[in-house]
Amino acid sequence: AQRVTQPEKLLSVFKGAPVELKCNYSYSGSPELFWYVQYSRQRLQLLLRHISRESIKGFTADLNKGETSFHLKKPFAQEEDSAMYYCALSGLGTDKLIFGTGTRLQVFP
Amino acid sequence: ETGVTQTPRHLVMGMTNKKSLKCEQHLGHNAMYWYKQSAKKPLELMFVYSLEERVENNSVPSRFSPECPNSSHLFLHLHTLQPEDSALYLCASSQVTGERCQPQHFGDGTRLSIL
């Protein structure tokens, strides 16, 4: 079955601390992985995707097929990173996204 | 106006009412989606329209009826809903290329409450 698991509902860190939001997936084929973010009073938006191999707002995520993970990392968290983060999966060649339950990141000053 | 616009932002209705949610995208995309977001649950894909044809129906009860008159507009017609249908309903659009999954652009959602 296709599934995305985000084990942490809430992650709280202090400004400047490293952050890792966990995402594990279950998919039999070749997946595409995404991280979407929702800041307070804003709409859900794409943060990054694994095929881009970019660093967006200091965040990176590496697809680990062996561990079926796509954890989101940032070495030094900022207060403006506080938001809801959703990991999502799509099968290659499809446009159907399967979302995790989300992790709320709180960055304290 | 740019992006994906959803109306109304909030809707309260009784179980016997009939109402419709509207979504409009100004991004020139060719695919549109309805999602349901309930508390403590993942975002659930309900319907997908690609090139104005419904290509996905995720076992959604018939009390939800989508309509896509053109590539820019998507409706969700509601009738005889149940209290468990109270949720945030999100619309999204993307450009389907047939290759890699393209990012989806979301609206602000309609917060639906069933009395």
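Predicted model only: the values in this text are computed from it and were never measured.

Novice: Sorry, what's going on with the overall build of chain B here?
Specialist: Counting secondary structure elements, chain B contains zero helices and eleven strands. Element order for chain B, N to C, with α for helix and β for strand: β-β-β-β-β-β-β-β-β-β-β. Scaling as 2.2 N^0.38, a compact globule of 115 residues should have a C-alpha radius of gyration of about 13 Å, and chain B matches this with 14 Å. Dimensions of chain B, computed from C-alpha atoms along their principal axes, come out at roughly 40 × 30 × 30 Å. Every one of the 115 residues in chain B was classed for burial, and the buried ones make up 47%. Look at the contacts in chain B between residues 6 or more apart in sequence, and 53% of them connect residues 24 or more apart. Treating the 11 positive side-chain charges of chain B as one cloud and the 11 negative ones as another, the clouds have centres 9 Å apart.

Novice: Explain the pattern of salt bridges to me, please; I cannot follow it from the model alone.
Specialist: A side chain with one charge may pair with a side chain of the opposite charge, provided their charged atoms come close. Residue and element names in this part refer to chain A. In this structure the tally under the stated criterion is seven salt bridges over all chains. With its nearest N and O atoms 3.0 Å apart, the salt bridge here joins Glu20 to Lys22. Glu20 gets classed as partly exposed once you look at its relative accessible area, which sits at 29%. Taking the shortest distance from any N to any O, the salt bridge between Glu32 and Arg49 comes out at 3.6 Å. Of the two residues, Glu32 is situated in strand S5 (residues 31-38) and Arg49 in strand S6 (residues 45-49); the sequence distance between them amounts to 17 residues. With a relative accessible area of 1%, Glu32 lands in the buried category. Residue class for Arg49 comes out buried when judged on its relative accessible area of 11%.

Novice: I would appreciate a short explanation of the sheet that holds strand S7 (residues 60-61) of chain A in the present structure.
Specialist: As a general point, the strands of a sheet are linked pairwise by backbone hydrogen bonds and lie either parallel or antiparallel. Residue and element names in this part refer to chain A. Taken in spatial order, the three strands of this open sheet run S3-S8-S7, and their pairing is antiparallel. In this open sheet, the two edge strands, each paired with only one partner strand, are strand S3 (19-21) and S7. Relative to strand S8 (residues 72-74), S7 runs antiparallel, the two being bridged by two bridges. Along S8, the bridge assignment pairs Ala61 with Leu72.

Novice: Explain the sheet that holds strand S8 (residues 73-79) of chain B to me, please; I cannot follow it from the model alone.
Specialist: Residue and element names in this part refer to chain B. Read across the open sheet, the four strands follow the order S1-S3-S8-S7; overall the sheet is antiparallel. Only two strands of the sheet have a single partner each, and these edge strands are strand S1 (4-7) and strand S7 (64-70). Sheet twist, expressed as the average angle between the axes of neighbouring strands with direction ignored, equals 20°. Pairing of S1 with strand S3 (residues 18-25) involves four bridges; the strand directions are antiparallel. Residue Thr7 lies in a different strand from S3, and its bridge partner there is Lys22.

Novice: Explanation requested: the interface of chain B and chain A in the structure shown.
Specialist: Of the residues lining the interface, 20 residues belong to chain B; the matching set on chain A comes to 19 residues. Of all residues in chain B, the largest losses of buried area upon contact with chain A belong to Arg100(B), Cys101(B) and Phe106(B), amounting jointly to 33% of the total for that side. Scanning the region where chain B abuts chain A turns up one salt bridge. Here chain B and chain A share five residue pairs in polar contact (both at pLDDT 80 or more) between them. Partitioning the side of chain B that touches chain A into residue classes produces ten nonpolar, five polar and five charged.

Reading guide: rules and limits
Starting from 1, residues in each chain are numbered consecutively following that chain's sequence as written. Both sets of labels track the order of writing: A upward for chains, 1 upward for ligands. The model is predicted, so local features are restricted to residues of pLDDT at least 70 and side-chain atom pairs to those at 80 or more, both for listing and for counting; the totals for chains, interfaces and linings are taken over all residues. Hydrogens and waters are ignored; side-chain quantities use all the structure's heavy atoms. Counting from the N terminus, the helices are the DSSP runs of H or I reaching at least four residues and the strands are the DSSP runs of E reaching at least two. The quantity called the radius of gyration is restricted to C-alpha atoms. Its globule counterpart is 2.2 Å times the number of residues to the power 0.38. We call a residue buried when its accessible area falls under 20% of the maximum for its residue type, exposed when it is over 50%, and partly exposed in between, using a 1.4 Å probe and counting protein chains only. Throughout, a residue-residue contact means that at least one pair of heavy atoms, one from each residue, lies within 4.5 Å. The charge count treats Lys and Arg as positive and Asp and Glu as negative. His and the chain ends do not count. By convention, charge coordinates are those of NZ in Lys, CZ in Arg, CG in Asp, or CD in Glu. Within this document, salt bridges are pairs made up of a side-chain nitrogen of Lys or Arg and a carboxyl oxygen of Asp or Glu, the two lying within 4 Å of each other. Each pair of strands is called paired provided DSSP finds at least two bridges between the two strands. Only the stretch in contact is used when a helix axis is fitted, and all axes are lines through C-alpha atoms; the angle between N-to-C directions ranges over 0 to 180 degrees. Throughout, buried area stands for the accessible area (probe radius 1.4 Å) lost by two parts on being put together, summed over both. Any pair of nitrogen or oxygen atoms within 3.5 Å is treated as a polar contact; in protein, a donor-acceptor pairing is required on top of that, and neighbouring residues in sequence qualify only through side-chain atoms on both sides. Residue classes follow a fixed rule: Ala, Val, Leu, Ile, Met, Phe, Trp, Tyr, Cys and Pro count as nonpolar, while Asp, Glu, Lys and Arg count as charged, and any other residue, Gly among them, counts as polar.

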